[in-house]
Amino acid sequence: MSIQPPEASNFAVPIDRMFDAMLLLCGAVAVGVFVAMIWLCIKYRRGSKANREGGARQNLAVELSWTLIPFVLFCGIFAWSIDLWTTLRSPPANALPIYIIAKQWMWKVQHANGRREIDTLHVPLGEPVRLIMTSQDVIHSFYVPDFRVKQDVVPGRYTALWFIATKLGEFPLFCSEFCGTGHAAMIGTVEVVSPADYRKWLQAKPTLAPAVVGRKLFEQFGCSGCHDPHSGIHAPDLHGLYGTQVRLADGSAVVADNRYLHDSIVLPSTQIVAGYAPIMPVYEGRIDEEDILSLMAYIKSLGPQPAAPKGDVHEQR
Ligand code: HEC
Ligand SMILES: [Cu+2]
């Protein structure tokens, strides 16, 4: 159907088919209702010779069919959409992670090797891509109509989106959540290139790996003064932290995922690690989201603890 935008991702065709099916179903019901209405209007118009005595008051077969048929149809649509939704929400394990930071009023992109771009997003054709997104300020929404994907981008949170681009070329990217006076200008382009061109593009500019940038920031913001092994301050060693279970002072346990690392840096007092004093400074508003991503990349790059750890071995690990 040409009234729909190009179908340029793995989700475009299944979503369009579902849209078409719902449109047909609703259209058929609407036509049925209007045909009956017009026919009844003509038949029972004033002065017509129609029989106005009134028919049956009850008809079990009619009542059952107008209850059961829509019920079955809607259950079918429910199952269909849940199935599609689950796929939309389950990125394959090998999906290429790309970080997106929205801010008034631009899209900042950081690729795995550290290459950055603004208001354009390069992705390889035919490979699953997973976007991990956050906002520097207000709620934005990442929307690529030709891919049929849309996801809110929320400050203080990482939301995700995945797709496989199925067509080469440039596709418009929009912010679809009103985010201030420059909202309408918060547009960009998704450039789908061949996997070989994508790898070439990644290498085309000398870039520092996010973990390397992160280590620099780790020193610059004074984190290393507390967190490096041998710092002499009673602070958790961050080696091997990512992905493990952390025991908190309030007795609960959390998994050290992106969200946890982010909150531990920005608002450390919300989740105090068991066995430590809440002495870590609050970095909220002092580190922007890009730097937090780099710090996280550095923390994730830290392997297991060095062989001879300092005295206060992190007890939860
Ligand atoms: C004054 C010393 C100090 C500084 C500076 C400091 N931290 Fe911390 N940090 C701590 C302490 C103590 C804890 C454990 C108590 C808590 O959870 O707040 C901690 C906890 C953490 C945790 C959670 C650790 C875990 O095992 O779950 C992370 C992640 C972290 N800090 C990262 C950073 C980063 C990144 C910086 C720099 C931007 C930084 N810290 C600066 C003292 C510090
Ligand atoms: Cu926006």
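Preceding this section is the structure that the text describes.
Everything numeric here is computed off the predicted structure, so don't read it as measured data.

Draft legend 1. Looking closely at the sheet that holds strand β7 (residues 149-153). With respect to topology, 5 strands assemble into an open sheet ordered β4-β10-β9-β6-β7, the strand pairing being mixed. Strands with a single pairing partner mark the edges of an open sheet, and in this sheet they are β4 (120-124) and β7. Pairs of neighbouring strands in the sheet enclose a mean axial angle of 25°, with direction left out of account. The strands touched by helix α3 (residues 195-203) are β4 and β10 (187-193); relative to β4, the strand with the most contacts, the crossing angle is about 130°.

Draft legend 2. How the structure looks around the coordination of the copper ion (ligand 2). Summarising the metal site, the copper ion (ligand 2) is bound by the protein donors His140 (ND1), Cys175 (SG), Cys179 (SG) and Met186 (SD), whose distances to it range over 2.0 to 2.5 Å. Around the copper ion (ligand 2) sit 4 donor atoms, and with donor-metal-donor angles ranging over 90 to 126° the site reads as tetrahedral. One chain supplies every donor to the copper ion (ligand 2), and in sequence these donors are spaced H-x34-C-x3-C-x6-M. Linking His140 in strand β6 (residues 140-144) with Cys175 in strand β9 (residues 169-175), this pair joins segments that are 35 residues apart in sequence. The class for His140 is buried, based on a relative accessible area of 0%.

Draft legend 3. Geometry of helix α2 (residues 60-89). Under the 1.5 Å per step criterion, the end-to-end length of α2 is 43 Å for 30 residues, consistent within 8% with the ideal 44 Å. All of the buried residues along α2 are Ile77, Leu84 and Leu88. Structurally, α2 contributes buried residues whose contacts are with α1 (12-43) and β8 (159-164). With a side-chain oxygen positioned 3.2 Å from the backbone nitrogen of Ala61, the residue opening α2 is Asn59.

Calculation notes
- Sequence order as written defines the numbering, with residues in each chain counted from 1.
- Chain letters start at A and ligand numbers start at 1, both assigned in the order the entries are written.
- The predicted nature of this model means local features are confined to residues of pLDDT at least 70 and side-chain atom pairs, given and counted, to a pLDDT of 80 or more, with totals for whole chains, interfaces and linings taken over all residues.
- Neither water nor hydrogens contribute to the side-chain values; these are computed over all heavy atoms in the structure.
- In this scheme, strands are said to pair when DSSP sees at least two bridges between them.
- Think of it this way: any DSSP run of H or I at least four residues long counts as a helix, any run of E at least two long counts as a strand, and we number them from the N terminus.
- Angles shown run from 0 to 180 degrees and are taken between the N-to-C directions of axes, each axis being a line fitted to C-alpha atoms and, for helices, limited to the stretch in contact.
- Contacts are residue-level and defined by heavy atoms, with any inter-residue pair within 4.5 Å sufficient.
- Water is not among the atoms examined, so metal sites may look incomplete; donors are the N, O and S atoms within 2.8 Å of the metal, or within 3.2 Å for Na, K and Ca.
- Only four donors with every angle between 85 and 135 degrees are called tetrahedral; only four or six donors with opposite donors over 155 degrees apart and all others between 65 and 115 are called square planar or octahedral, in that order; all others are irregular.
- Classification of residues uses two cut-offs on accessible area relative to the type maximum, computed with a 1.4 Å probe and protein chains only: under 20% is buried, over 50% is exposed, and between them is partly exposed.
- Expected helix span is given by 1.5 Å per residue-to-residue step, counting one fewer step than there are residues.
- Think of a polar contact as two N or O atoms within 3.5 Å of one another; within protein, one of them needs to be a possible hydrogen donor and the other a possible acceptor, and neighboring residues in sequence only count if both atoms come from side chains.

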